[in-house]
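Residues per chain, in single letters:
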Amino acid sequence: MRRIIPLVFAFFVLLSGTAQAEKITVAAAADLKFAMDEIVVAFKKANPADGVEIIYGSSGKFHTQIKQGAPYDLFFSADIAFPRELAKAGFAASPVVPYAVGRIVLWSSSVDASKLTLDSLADPKFTRIAIANPKHAPYGKRAEEALRASGL
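Keep in mind that what you see is a predicted model, and the values were worked out from it rather than measured.

It is worth spelling out the confidence of the model for the protein at this point. Mean pLDDT over the protein works out to 85, with 86% of the residues at or above the 70 mark. The secondary structure element of the protein with the lowest average pLDDT is helix H1 (residues 4-18), at 48, and the one with the highest is strand S3 (residues 74-76), at 96. This model gives residues 1-7 a pLDDT under 50, and the stretch forms 12 contacts once residues within four places in sequence are excluded.

Next up, the structure:
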């Protein structure tokens with residue numbers, strides 16, 4: 001997550017230099033909480049007169065809220081398809097810019113996951129796998145797609 005901090009911080013700095021308001025409201029995917037909290041601390045230190053309100057939640061819910069007029073100044077989505085759709089529909093004041101690239105990984109508490117592939121999950125020693133809920137989380141949706149594509 002540390003790689004995204006300079007880019008996201010740059011968004012705040014640019015916004016603070018051009019915005020008329022003294023407070024910005026940010027809708028951010030819940031998985032950004034730890035990184036975003038650090039960014040806000042740094043932003044407030046550099047810009048003590050400016051306020052930042054971060055609202056964490058589901059990218060899909062923010063997408064719907066923005067379409068219905070929610071007053072967010074910035075939207076950090078876990079799935080770039082949501083802001084792209086909003087921009088295409090005229091709900092964005094600037095082009096969509098990716099802030100990071102995510103990767104799906106395999107992890108195990110008992111097996112060296114660096115040697116695993118998706119095909120490894122067919123081994124009977126793996127009795128359960130867990131993914132994020134595909135209905136709500138982009139990583140869950142991508143994990144489900146990967147599992148289906150590999151025939152698992």
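A few words now on the pattern of salt bridges. Evaluation of the coordinates by the stated rule reveals seven salt bridges. A salt bridge links Lys 33 to Asp 37; the nearest nitrogen and oxygen atoms lie 2.6 Å apart. Of this pair, Lys 33 and Asp 37 both sit in helix H2 (residues 33-46), four residues apart, which is roughly one turn of that helix. Note on Lys 33: relative accessible area 35%, which makes it partly exposed.

With that settled, the discussion passes to the nonpolar core. Ranked by size, the top nonpolar core spans 14 residues in total, and within it Val 26, Ala 28, Leu 32, Met 36, Val 52, Ile 54 and Phe 76 carry the most contacts. One finds Ala 27, Phe 62, Tyr 72 and Leu 86 within the second-largest nonpolar core, a separate group that totals six residues.

Right, let's talk about the sheet that holds S3 for a bit. Here we have three strands laid out as an open sheet, ordered S2-S1-S3, and parallel in their pairing. At either end of the open sheet lies a strand with only one pairing partner, and these are strand S2 (51-57) and S3. The sheet shows a mean angle of 20 degrees between the axes of neighbouring strands, taken without regard to direction.

To describe two helices that pack against each other, one gives the angle between their axes and the distance between the axes. Where helix H3 (residues 59-67) contacts helix H4 (residues 81-88), the two axes come as close as 9 Å, and the packing angle between them is 10 degrees. One finds that H3 runs roughly parallel with respect to H4. Across from Ser 59, Gly 60, His 63, Ile 66 and Lys 67 in H3, the residues of H4 making contact are Phe 82, Glu 85 and Leu 86. Looking at side-chain class alone, the contact of H3 with H4 contains three nonpolar, three polar and two charged residues.

What follows concerns the packing of aromatic side chains. A complete count under the given rule lists three aromatic pairs for this structure. Consider the rings of Phe 62 and Phe 75, whose centres lie 6.1 Å apart with planes at 75 degrees: the pair is edge-to-face. Placement of Phe 62 in helix H3 and of Phe 75 in strand S3 is noted, with a sequence separation of 13 residues between them. Judged by its relative accessible area of 19%, Phe 75 falls in the buried class. With 5.5 Å between their ring centres and 70 degrees between their planes, Phe 76 and Tyr 99 make a pair best called edge-to-face. In this pair, Phe 76 sits in strand S3 while Tyr 99 sits in the loop between H4 and helix H5 (138-149), placing the two residues 23 residues apart along the sequence. Residue classification places Phe 76 among the buried positions, given a relative accessible area of 3%. In this structure Tyr 99 comes out as buried when scored by relative accessible area, which is 15%.

How each quantity is defined
Residue positions within a chain follow its written sequence, with the count starting from 1. Confidence filtering applies because this is a predicted model: local features only for residues at pLDDT of at least 70, side-chain atom pairs given and counted only at 80 or more, and all residues used for totals across whole chains, interfaces and linings. With hydrogens and water excluded, all non-hydrogen atoms of the structure serve as input to the side-chain values. On a scale of 0 to 100, pLDDT captures the predictor's confidence in every residue. A run of H or I in DSSP counts as a helix once it spans at least four residues, and a run of E counts as a strand once it spans at least two, with each numbered from the N terminus. Throughout, a residue-residue contact means that at least one pair of heavy atoms, one from each residue, lies within 4.5 Å. One speaks of a salt bridge when a side-chain nitrogen belonging to Lys or Arg is within 4 Å of a carboxyl oxygen belonging to Asp or Glu. Burial classification: accessible surface area is computed with a 1.4 Å probe over protein chains only, and a residue below 20% of its type maximum counts as buried, one above 50% as exposed, and the rest as partly exposed. Buried Ala, Val, Leu, Ile, Met, Phe, Trp, Tyr and Cys residues that are joined via side-chain atoms within 4.5 Å together make up what is termed a nonpolar core. One requirement defines pairing of two strands: DSSP has to find at least two bridges between them. Axes here refer to lines fitted to C-alpha atoms; in helices the fit is confined to the stretch in contact. Angles between the N-to-C directions go from 0 to 180 degrees. Any angle from 65 to 115 degrees is called roughly perpendicular, while one under 35 is roughly parallel, one over 145 is roughly antiparallel, and all others are oblique. Residues are grouped as follows: Ala, Val, Leu, Ile, Met, Phe, Trp, Tyr, Cys and Pro are nonpolar; Asp, Glu, Lys and Arg are charged; every other residue, Gly included, is polar. In summary, the pairing rule links any two rings of Phe, Tyr or Trp, Trp by its six-membered ring, whose centres are within 6.5 Å, and it sorts them by plane angle into stacked for under 30 degrees, edge-to-face for over 60 and tilted for everything else.

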